[in-house]
Amino acid sequence: MTRTVTTEEKIPLGLTGVRGQRPSGQTPVGLMELTTGFWRFKVLAAGVELGLFTLLERLGEAGTDRIGAELGLRPRPARMLLACCTALDLLERERPGDGEALYRNSRTAAEFLVEGRPHYFGGFVRYSDRYGYPGWDRLTEALRTDRPTTWDPDAQESAFVTADPAILEGFWGAMFTLSSFTAAALAEAYDFTRHERLLDVGGGAGAFPVGLCRRYPHLRATVLDLPQVAALAEAKAVELGMTDAIEARGGDFLRDAELPGGHDVILLSMILHDWDAETGRRLLEKCHAALPPGGAVVICELVLDDDESGPASAALMGLNMLVETRSGNNWTYSEYADRLSEAGFGAMEVLPLDAAGANAALVAHKPC
């Protein structure tokens, strides 16, 4: 006997509305993607940790058995990992005729996930997996206590104090990659031909000076950062043959009474989001004091819309500051404009950027 299944019976349990009716236009697909978002990250982190992408760079392409044997994985988990990496566009899969399926790196993986490549991003993946991910696992605690969860603020200066040096080295390398692409976007959005000397405050390994001095050969730059970080910038300038254009100076831009003089443009890239409003205002006052009349300050950040409704990248980076810093936040356009004005700068210009590290460059000049 054939039985007809009703519409109500076809609706999965828990997805019905009043009296078994399907909610109009609503599904939990978006919520499912939010809920399982960490699955994607952990696939990426596992591939990096296992050395999958570096292996495939060496092999060119290989089947499941060969890859599993090289990585020390049994056939079942190897097959699952490769399927996920393919689905996430980290790998490409080809099945020649009736033979075994072969896997190779996608263009993204080949460019950014192979150890030793100039733009290797795996260091940031490892840092996020080791420190960021456990901290975000305690997000509710951070929300309730208003304290970072990636490190102990009662016992440490910052998350970097006790971090594994090898992980930190990879982190700074990945930050150089990330900042290099943001620097390229800034170089197109803002004309640096009007400036002669750039001061990159908290400039890390010097990605912005490298990119900007290459794009504008007349420009000379100074990287100001803590001594151990400034040493990285100095080494990078030597490595790239740019010591004539870039110098590194050790210092503490928060504790030092003033910033180095002799520069007509100061860059603050992903710096102000690390601190509270008052600390940011004081730093902008130091920038104002260090600049000559007509000099400019350039702020590169993921900036929140004034109604704080987005973009998601800026909002989430703000929450990451809760997890990782004592008082950091992501600020709105109006808040940056107010702080610049309070520090003595003129009207703020907004230059949209399309980069992973910043969605805008905010430019203001010291009045003549």
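Residues numbered from 1 in each chain as written. Predicted model: local features only at pLDDT ≥ 70, side-chain atom pairs only at ≥ 80, totals over all residues. Heavy atoms only, no water.

> Honestly, helix 11 (residues 207–215) in this entry has me stumped. Any pointers?
One full turn of an α-helix is made of 3.6 residues, so residues set three or four places apart face in the same direction. Where helix 11 is concerned, the buried positions are Ala207, Phe208, Pro209, Val210, Leu212 and Cys213. Residues of helix 11 that are buried sit in contact with helix 10 (165–189), strand 3 (197–201), strand 4 (220–225), strand 5 (246–250), strand 6 (265–269) and strand 7 (296–301). (Buried < 20%, exposed > 50% of the residue type's maximum accessible area, 1.4 Å probe, protein only. Helix = DSSP H or I, 4+ residues; strand = E, 2+ residues; numbered from the N terminus. Contact = heavy atoms within 4.5 Å.)

> Just checking my understanding: could you explain the sheet that holds strand 9 (residues 360–365) for this structure?
Pairing between the strands of a sheet is mediated by backbone hydrogen bonds and can be parallel or antiparallel. Spatially, the seven strands line up as an open sheet ordered 5-4-3-6-7-9-8, and their pairing is mixed. If you trace the sheet from one side to the other, it starts and ends with strand 5 and strand 8 (349–352), each paired once. Taken over all neighbouring pairs, the strand axes of this sheet differ in orientation by 20° on average, direction set aside. Both strand 4 and strand 5 contribute to a ladder of five bridges, which runs parallel. Each bridged residue has a counterpart across the sheet, and for aspartate 225 the counterpart in strand 5 is glycine 250. (Pairing = 2+ DSSP bridges. Axes fitted to C-alpha atoms, helices over the stretch in contact; angles between N-to-C directions.)

> What am I meant to see in the state of the cysteines here?
Covalently bonding the sulfur atom of one cysteine to the sulfur atom of another cysteine gives a disulfide. For the structure on display, the rule yields zero disulfides. With no disulfide of its own, cysteine 213 lies 15 Å from the sulfur of cysteine 300, the closest cysteine sulfur. Taking relative accessible area as the criterion, cysteine 213 reaches 5% and is therefore assigned buried. (Disulfide = S-S within 2.5 Å.)

> Just to check I follow, could you spell out the pattern of salt bridges for this structure?
Two side chains carrying opposite charge are able to pair once their charged atoms lie near each other. The tally for this structure, following the rule as stated, stands at 19 salt bridges. In this structure, arginine 215 engages glutamate 188 in a salt bridge whose closest nitrogen and oxygen atoms are separated by 3.3 Å. Here arginine 215, found in helix 11, pairs with glutamate 188, found in helix 10; they are 27 residues apart in sequence, far enough to count as distant. Here arginine 282 makes a salt bridge to glutamate 278, at a shortest N to O gap of 3.6 Å. Separated by four residues within a single helix, arginine 282 and glutamate 278 lie in helix 13 (residues 277–290), roughly one turn from each other. On the basis of relative accessibility, which here comes to 35%, the residue glutamate 278 falls in the partly exposed class. Each of Glu61, Glu92, Glu94 and Arg104 takes part in a single network of salt bridges with overlapping partners. (Salt bridge = Lys/Arg side-chain N within 4 Å of Asp/Glu carboxyl O.)

> I tried to follow the nonpolar core on my own but got confused; where do I start?
Among the nonpolar cores identified, the biggest contains 33 residues, and Leu186, Tyr190, Phe192, Leu212, Ile246, Val298 and Cys300 are the most heavily contacted of them. Put simply, the parts of the chain that give this core at least two residues each are helix 10, helix 11, strand 4, helix 12 (227–239), strand 6, strand 7 and strand 9. Formed by 26 residues, the second largest nonpolar core is a distinct cluster that contains Ile266, Leu283, Ala290 and Phe345. (Core = buried A, V, L, I, M, F, W, Y, C linked by side-chain atoms within 4.5 Å.)

> What is the right way to look at the environment of leucine 224 in this model?
Relative to the helices and strands, leucine 224 resides in strand 4. Leucine 224 sits 25 residues away from leucine 199 along the chain, and the two C-alpha atoms are 7.1 Å apart. Look past the residues within four positions of leucine 224 in its chain and what remains in contact with it is Leu199, Asp200, Val201, Gly202, Gly203, Arg249, Gly250, Gly251, Phe253, Leu259 and Pro260.

> Can you walk me through the side chain of glutamate 301 in this structure?
Tracing the backbone through its elements, the reader meets glutamate 301 in strand 7. Here glutamate 301 occupies a buried position and makes no salt bridge, while the nearest side chain of opposite charge, arginine 339, is found at 9.2 Å. At 3.2 Å, the side chain of glutamate 301 and the backbone nitrogen of leucine 272 are in polar contact. Residues contacting glutamate 301, with those up to four places away along its chain left out, are Met270, Ile271, Leu272, His273, Tyr336, Gly357, Ala358, Asn359 and Ala360. (Lys, Arg positive; Asp, Glu negative; His and termini not counted. Polar contact = N/O pair within 3.5 Å; in protein donor to acceptor, adjacent residues only side chain to side chain.)

> Looking at this structure, I do not really get the packing of aromatic side chains. What am I missing?
The description of an aromatic ring pair rests on the distance of the ring centres and on the angle between the ring planes. Tallied over the full model, the rule gives 10 aromatic pairs. For the pair phenylalanine 38 and tryptophan 39, a centre-to-centre distance of 6.3 Å together with 80° between the ring planes defines the contact as edge-to-face. Between phenylalanine 171 and tryptophan 172 the ring centres are 5.4 Å apart and the planes differ by 75°, which places this aromatic pair in the edge-to-face class. Taking the relative accessible area as the measure of exposure, tryptophan 172 reaches 23% and is therefore partly exposed. Aromatic ring contacts, followed pair by pair, group Phe121, Phe124, Tyr127, Tyr131, Phe171 and Trp172 into a single cluster. Of note, arginine 215 hangs over the ring of tyrosine 216, and the distance from its end group to the ring centre comes to 4.9 Å. The side chain of lysine 236 reaches across the aromatic face of phenylalanine 176, ending 4.6 Å from its centre. (Phe/Tyr/Trp six-rings, centres within 6.5 Å; stacked < 30°, edge-to-face > 60°. Lys NZ or Arg CZ within 6 Å of the ring centre and 35° of its normal.)

> Hey, could you run me through unusual backbone geometry in this one?
A negative phi angle characterises most non-glycine residues, just as the trans form characterises most peptide bonds. A cis amide bond links glycine 310 with the next residue in sequence, proline 311, at an omega value of -5°. Summarising the element assignment, proline 311 is placed in the loop between strand 7 and helix 14 (312–324). Phi is positive for methionine 270, close to 50°, though the residue is something other than glycine. Locating methionine 270 in the fold gives a position in the loop between strand 6 and helix 13. One non-glycine residue, glutamate 308, lies in positive phi territory at about 55°. One can find glutamate 308 in the loop between strand 7 and helix 14. Judged by relative accessible area, which is 54%, glutamate 308 ranks as exposed.

> Sorry, what's going on with the packing of helix 8 (residues 122–137) against helix 14 here?
Packed helices, taken two at a time, are described by the angle their axes make and the gap between the axes. In the contact formed by helix 8 and helix 14, the axes pass within 9 Å of each other and the chain directions differ by 85°. With respect to each other, helix 8 and helix 14 are oriented roughly perpendicular. Along the contact surface, helix 8 presents Tyr127, Gly132, Gly135 and Trp136, while helix 14 presents Leu316, Leu319, Asn320, Val323 and Glu324. For the contact of helix 8 with helix 14, the per-class residue count stands at five nonpolar, three polar and one charged. (Parallel < 35°, antiparallel > 145°, perpendicular 65-115°, else oblique. Nonpolar A, V, L, I, M, F, W, Y, C, P; charged D, E, K, R; others polar.)

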